[in-house]
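# Results of the structural survey
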Amino acid sequence: MESKVNYPYIYFLLESNTIFVFRIKTHNYLNASDLIDRSVWEVYELQYHAQFETFNHEESEAIEGWGFWLEQDKLSDIVEIINDCIQKHRSVDQRITTQAVHIVSSESAAGSVRVALEPPKHVIGFPDCFSIGPLWKLEKKRGQAFRNDWLFENMNDGQEDVYQNKFTNTLREIEDISNHVPIYIWYGNNADEQCGLRFFLYLLRDKSNEIFLINTTEHSKANCATSHLSSQQLAQLFMNIEEKKPLTIQDRLIFQSEWETLSQTNDVLRLWINNEIKGVPENYFDPLIIEKIGRLHNEQTTKDFIKTGIVIAELLPLIEELPSVFFLECRIRFLVYSGVLVLKGIPKSMRHYSVKLRE
């Protein structure tokens, strides 16, 4: 696939003599779903492939009644090319220049923070769970691709087509923060948000902004993730830390160094143990899963299949630091594949299949 920019237009040579023309109408980063609408495209035909270098759509007539289908990988490449162009042509005024920027380790928590705080503010929710999956070289493209492949092969969360695009767009948002804007990072005492905290501070290492940390676990006196707190609780927390001092350069360097250590690891499951991020074996929760299914069998008149969603719902109160319901579902599938459990149904989601202990 060849492409060239005639801003605000981008030309894509997707077939030997067919050019798809996309017009950039926003300074917001796009997702693959934004490109499905036919109205954002025009299509032109070339007589010769070599004409692409000199092609200008204003000198040609668009084709009517066209259609096209793209593989997900190619669509993702197109989105990245468009977003690169958007970022390059953003003026200073179009970058993030609000009164404050807030970064949170989940999109659900970001939604609560948006409701909790008065404008003007900008809230960035990271679309990932850092307690599961590889963190190896995550600050680099190859590490992001490695993590994306692992998630695609293991997680049954329906996000495989949009994850990488959303991840990259969030990195762009962080990069676009103006240097004079104060930054608040919200996090709790759990592996997901503690890993996220270190990753964010590594990404911000070259920025001179004042950075403030808000530990929602310490301030709320509740041992839970930021996403579990209400907007009212978050608003009260923010009011209580108004006199808080920003991180020192030394503190920032410590967090950056800790991220650099994390990004050399190969663990795919992490927990917050004794105030430290600890890598634990991938099968850490398997004994608990097996025990819970055994107990559920004991409550049955005859040993029968149990919906996977029910098994996971029964596990949730037993796990103090839940990594992800999709990780638990992944481990249940592993126990099926390894012969510990028997499967009934199609394991395309936790709603679609049932399990029981093998006789």
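Heads up: the structure comes first, above all this text.
Here's a quick rundown of the structure. Here the structure is a predicted model, which means the values were calculated and not measured. (Residues numbered from 1 in each chain as written. Predicted model: local features only at pLDDT ≥ 70, side-chain atom pairs only at ≥ 80, totals over all residues. Heavy atoms only, no water.)

### Things to note about the overall build of the protein chain
- Looking only at helices and strands, the protein chain has eleven helices and 13 strands in total.
- Along the longest, intermediate and shortest principal axes, the C-alpha atoms of the protein chain span 75 × 55 × 35 Å.
- Taking as baseline every contact in the protein chain between residues at least 6 positions apart, the subset at least 24 positions apart corresponds to 65%.
- Total accessible area on the protein chain is roughly 18700 Å²; 48% of this is exposed by carbon and sulfur atoms. (Helix = DSSP H or I, 4+ residues; strand = E, 2+ residues; numbered from the N terminus. Contact = heavy atoms within 4.5 Å. Areas by Shrake-Rupley, 256 points an atom, 1.4 Å probe, with all protein chains shown as cover.)

### Remarks on the pairing of strand 1 (residues 2-6)
- As defined by bridge partners, strand 1 adjoins strand 2 (residues 9-15) across five bridges and the pair is classed as antiparallel. For Val-5, the partnering residue across the bridge sits in strand 2 and is Ile-10.
- Remark: two residues form the turn of the hairpin made by strand 1 and strand 2, two consecutive strands paired antiparallel. (Pairing = 2+ DSSP bridges.)

### Overview of unusual backbone geometry
- Look at the link from Tyr-7 to Pro-8: it is a cis peptide, with omega at 5 degrees.
- For Pro-8, the location among the structural elements is in the loop between strand 1 and strand 2.
- That bond from Pro-119 to Pro-120 is cis: its omega, 0 degrees, falls within 30 degrees of zero.
- Residue position: Pro-120 is located in the loop between helix 2 (107-116) and strand 6 (122-125).
- Even without being glycine, Lys-137 reaches a positive phi, approximately 50 degrees.
- Looking at the element boundaries, Lys-137 is found in the loop between strand 6 and helix 3 (141-154).
- The residue Asn-275 is not glycine, and still its phi comes out positive at about 60 degrees.
- Taking the relative accessible area as the measure of exposure, Asn-275 reaches 60% and is therefore exposed. (Buried < 20%, exposed > 50% of the residue type's maximum accessible area, 1.4 Å probe, protein only.)

### So, the nonpolar core
- Counting 60 residues, the largest nonpolar core has Ile-103, Ile-185 and Phe-199 as the members making the most contacts within it.
- Not counting chain neighbours up to four residues away, the residues in contact with Ile-185 comprise Ile-103, Leu-197, Phe-200, Leu-201, Leu-204, Ile-211, Phe-212, Leu-213 and Ile-214.
- Leu-30, Leu-70, Ile-82 and Ile-86 belong to the second-largest nonpolar core, a separate cluster that totals 20 residues. (Core = buried A, V, L, I, M, F, W, Y, C linked by side-chain atoms within 4.5 Å.)

### Notes on the sheet that holds strand 11 (residues 306-307)
- If you walk across this open sheet you meet the three strands as 11-13-12, and the pairing is antiparallel. Taken across any chain shown, the strands that pair with only one partner, and hence form the sheet edges, are strand 11 and strand 12 (341-345).
- As defined by bridge partners, strand 12 adjoins strand 13 (residues 353-357) across five bridges and the pair is classed as antiparallel. Within the sheet, the bridge partner assigned to Lys-344 lies in strand 13 and is Ser-354.
- Against the sheet, helix 11 (residues 325-337) contacts strand 12 and strand 13, and its axis sits at roughly 55 degrees relative to strand 13. (Axes fitted to C-alpha atoms, helices over the stretch in contact; angles between N-to-C directions.)

### Notes on the packing of helix 3 against helix 4 (residues 163-175)
- For the pair helix 3 and helix 4, interaxial distance at closest approach is 10 Å and the crossing angle is 145 degrees. Between helix 3 and helix 4 lies a crossing whose hand is right-handed. Contacts between helix 3 and helix 4 involve Lys-141, Gln-144, Ala-145, Arg-147, Asn-148 and Leu-151 from the first element and Tyr-163, Gln-164, Phe-167, Thr-168 and Leu-171 from the second.
- Here the contact of helix 3 with helix 4 is built from residues that sort into five nonpolar, four polar and two charged. (Left-handed = near helix turned anticlockwise from the far one by under 90°. Nonpolar A, V, L, I, M, F, W, Y, C, P; charged D, E, K, R; others polar.)

### What to know about the pattern of salt bridges
- Under the criterion given, the structure shown has twelve salt bridges.
- Its salt-bridge partner being Asp-84, residue Arg-172 comes within 2.8 Å of it at the nearest N-O pair. Pair noted here: Arg-172 is in helix 4 and Asp-84 is in helix 1 (residues 72-89), with a separation of 88 residues, a long-range link.
- Through salt bridges with shared partners, a single ionic network connects Glu-80, Asp-84 and Arg-172. (Salt bridge = Lys/Arg side-chain N within 4 Å of Asp/Glu carboxyl O.)

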